[in-house]
Amino acid sequence: MIEVKVTRNYQITIPQEIRTKLDINVGDKLILRIEGDRIVVEKKRGNIASLNVSIGKRITDEDVNRAVREAGKEVGSG
């Protein structure tokens, strides 16, 4: 068990041992949920931005957001 301290800005540091074991890097997103009186922290998996399509273009979050906005406009105009 590893103990960490909550800073005055309500932040904690994930110890290096845990970051390494879970392959957590700068910019990664984490999911937090409450289970009883516990806070469970998980590394977000299945990020669509990590996929490559067959044309070799990397899909970014902005690409996905743009596609969703355009689809919304089409649905709204019909």
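Before reading further, recall that the structure is shown in the block above.
What counts, and where the lines are drawn
Residues numbered from 1 in each chain as written. Predicted model: local features only at pLDDT ≥ 70, side-chain atom pairs only at ≥ 80, totals over all residues. Heavy atoms only, no water. Helix = DSSP H or I, 4+ residues; strand = E, 2+ residues; numbered from the N terminus. Buried < 20%, exposed > 50% of the residue type's maximum accessible area, 1.4 Å probe, protein only. Contact = heavy atoms within 4.5 Å. Areas by Shrake-Rupley, 256 points an atom, 1.4 Å probe, with all protein chains shown as cover. Salt bridge = Lys/Arg side-chain N within 4 Å of Asp/Glu carboxyl O.

J.: Which residues make up the overall build of the protein, and what values go with them?
T.: On a plain count of helices and strands, the protein comes out with 2 helices and 2 strands. Per-residue burial for the protein yields a buried fraction of 8% across its 78 residues. Taking as baseline every contact in the protein between residues at least 6 positions apart, the subset at least 24 positions apart corresponds to 2%. When the accessible surface of the protein is split by element, carbon and sulfur atoms take 54% of a total near 7400 Å².

J.: Lay out the pattern of salt bridges with the relevant residues and their values.
T.: Under the criterion given, the structure shown has 6 salt bridges. With a closest N to O distance of 2.8 Å, Arg33 and Glu35 form a salt bridge. For Arg33, a relative accessible area of 34% puts it in the partly exposed group. For Glu35, a relative accessible area of 40% puts it in the partly exposed group. A salt bridge links Arg69 to Glu62; its shortest N-O distance comes to 3.0 Å.

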